[in-house]
Amino acid sequence: MMNRREFITLLGGAAACPLAVRAQQAAMPVIGFLHGASLETNMDRLRGFHRALKDTGYVEGENVTIVYRWAENQIDRLPELAADLVRRQVAVIAALGGAASVLAAKAATTTIPIVFIINEDPVRLGFVASLSRPGGNLTGINFLSGELVEKRLEPLHQLVPAATRLAVLVNPVNTTNTEITLRGVRSPRS
């Protein structure tokens, strides 16, 4: 049986414990978010980014801070924006919006982890050593969309085998994607 003094001591200790724990907690981790475009054109993707963080237990403002750097479609600004994230000593950089963002982040640091999502081959671009063992401080997701152009055209060839011409829409501003797409379209059929 616990006496009153022991109970009050226990209650006081329990009440003080959260204060002591809070004082010992590390600062909130900071994610650097680097994107070549603008916030206005990427609201849906940003919501998806926040949803994915929440699914893994991170909520902006509660247990993680996010520092956003948008290049506003001025790709030449990316190196300085990436360098700013490095100066802020973020825990990780999410380099999104294309290869240019990844290149800028890679040039800015060899120690801060960089996570990317691109539709180009990260091995060919020199971002990682291999898909199975990326090495270095970069890792990410490759959708292989450019590399699969020829494979995607197979159903069209099966539906219309006599077709001799095909129109492909590409964005000429994105020269890397255009090159990969056109290479896949020009490949001879097996």
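This write-up is about the structure you can find in this document. The model shown is predicted, which means the values in this text are computed figures rather than measured ones. (Residues numbered from 1 in each chain as written. Predicted model: local features only at pLDDT ≥ 70, side-chain atom pairs only at ≥ 80, totals over all residues. Heavy atoms only, no water.)

### A short note on the pairing of strand β2 (residues 65–70)
- Pairing of strand β1 (residues 30–35) with β2, which is carried by 6 bridges, proceeds in the parallel orientation. Bridge pairing in β2 places Gly32 opposite Val67.
- Remark: the β1/helix α2 (residues 43–55)/β2 crossover connection has right-handed handedness. (Pairing = 2+ DSSP bridges. Helix = DSSP H or I, 4+ residues; strand = E, 2+ residues; numbered from the N terminus. Right-handed = clockwise from strand over helix to strand, strands pointing away.)

### Thoughts on the side chain of Thr109
- Within the secondary structure layout, Thr109 lies in the loop between α4 (99–108) and β4 (114–118).
- Of the residues examined, Thr109 reaches a relative accessible area of 6% and is grouped as buried.
- Here the side chain of Thr109 touches Thr111 through a polar contact of 3.0 Å, landing on its backbone nitrogen.
- Ignoring anything within four residues of it in the chain, the contact list for Thr109 reads Val86, Ile93, Ile114 and Asn137. (Buried < 20%, exposed > 50% of the residue type's maximum accessible area, 1.4 Å probe, protein only. Polar contact = N/O pair within 3.5 Å; in protein donor to acceptor, adjacent residues only side chain to side chain. Contact = heavy atoms within 4.5 Å.)

### Description of the environment of Val123
- Relative to the helices and strands, Val123 resides in the loop between β4 and β5 (138–142).
- Relative accessible area serves as the criterion here: at 34%, Val123 is assigned to the partly exposed category.
- Separated by 19 residues in the primary sequence, Val123 and Asn142 have C-alpha atoms spaced 10.0 Å apart.
- Excluding residues that lie within four positions of it along the chain, Val123 makes contacts with Val128, Ala129, Ser130 and Leu131.

### Brief notes about α2
- Taking 1.5 Å of rise per residue, 13 residues should cover 18 Å, and α2 covers 18 Å from first to last C-alpha, within 8% of that figure.
- What α2 keeps buried is the set Leu46, Phe49 and Leu53. In an axial view of α2, the angular spread of the buried residues amounts to 55 degrees, which keeps them on one side of the axis. Every exposed residue of α2 that faces more than 90 degrees away from the buried side is listed here: Asp44, Arg51, Lys54 and Asp55.
- Contacts made by the buried residues of α2 are with β1, β2 and β3 (92–96).
- Where α2 terminates, the next one or two residues include Gly57, which has phi positive at roughly 95 degrees. (Expected span 1.5 Å × (residues − 1). Arc of directions from axis to C-beta.)

### A few points about the pattern of salt bridges
- Counted according to the given criterion, the structure contains 5 salt bridges.
- A salt bridge links Glu80 to Arg87; its shortest N-O distance comes to 2.7 Å.
- Glu80 gets classed as partly exposed once you look at its relative accessible area, which sits at 49%.
- In this structure, the salt-bridge partner of Arg88 is Asp84, at a minimum N-O distance of 3.3 Å. (Salt bridge = Lys/Arg side-chain N within 4 Å of Asp/Glu carboxyl O.)

### Some remarks on the packing of helix α3 (residues 78–87) against α4
- With their axes 8 Å apart at the nearest point, α3 and α4 run at an angle of 50 degrees to one another. With respect to each other, α3 and α4 are oriented oblique. Our pair here, α3 against α4, has a crossing hand that is right-handed. Listed contacts from α4 to Leu78, Pro79, Ala82, Ala83 and Val86 of α3 are Ala100, Ser101, Ala104, Ala105 and Ala108.
- Counted by class, the contact of α3 with α4 contains 9 nonpolar, 1 polar and no charged residues. (Axes fitted to C-alpha atoms, helices over the stretch in contact; angles between N-to-C directions. Parallel < 35°, antiparallel > 145°, perpendicular 65-115°, else oblique. Left-handed = near helix turned anticlockwise from the far one by under 90°. Nonpolar A, V, L, I, M, F, W, Y, C, P; charged D, E, K, R; others polar.)

### Overview of the layout of surface pockets
- What the largest pocket holds in volume is close to 1000 Å³.
- Along the walls of the largest pocket sit 37 residues, with Leu96, Gly97, Gly98, Ala99 and Ile117 positioned nearest its centre.
- Listed by contribution, the elements that provide at least two residues to the lining of the largest pocket are β1, α2, β3, α4, β4, β5 and α6 (175–186).
- Split into classes, the residues belonging to the lining of the largest pocket amount to 22 nonpolar, 13 polar and 2 charged. (1 Å grid on protein atoms, 1.4 Å probe; cavity = no way out; pocket = protein on both sides within 12 Å on 5 of 7 lines; lining within 4 Å. Points joined across faces, edges and corners; volume = space filled by probe spheres on them.)

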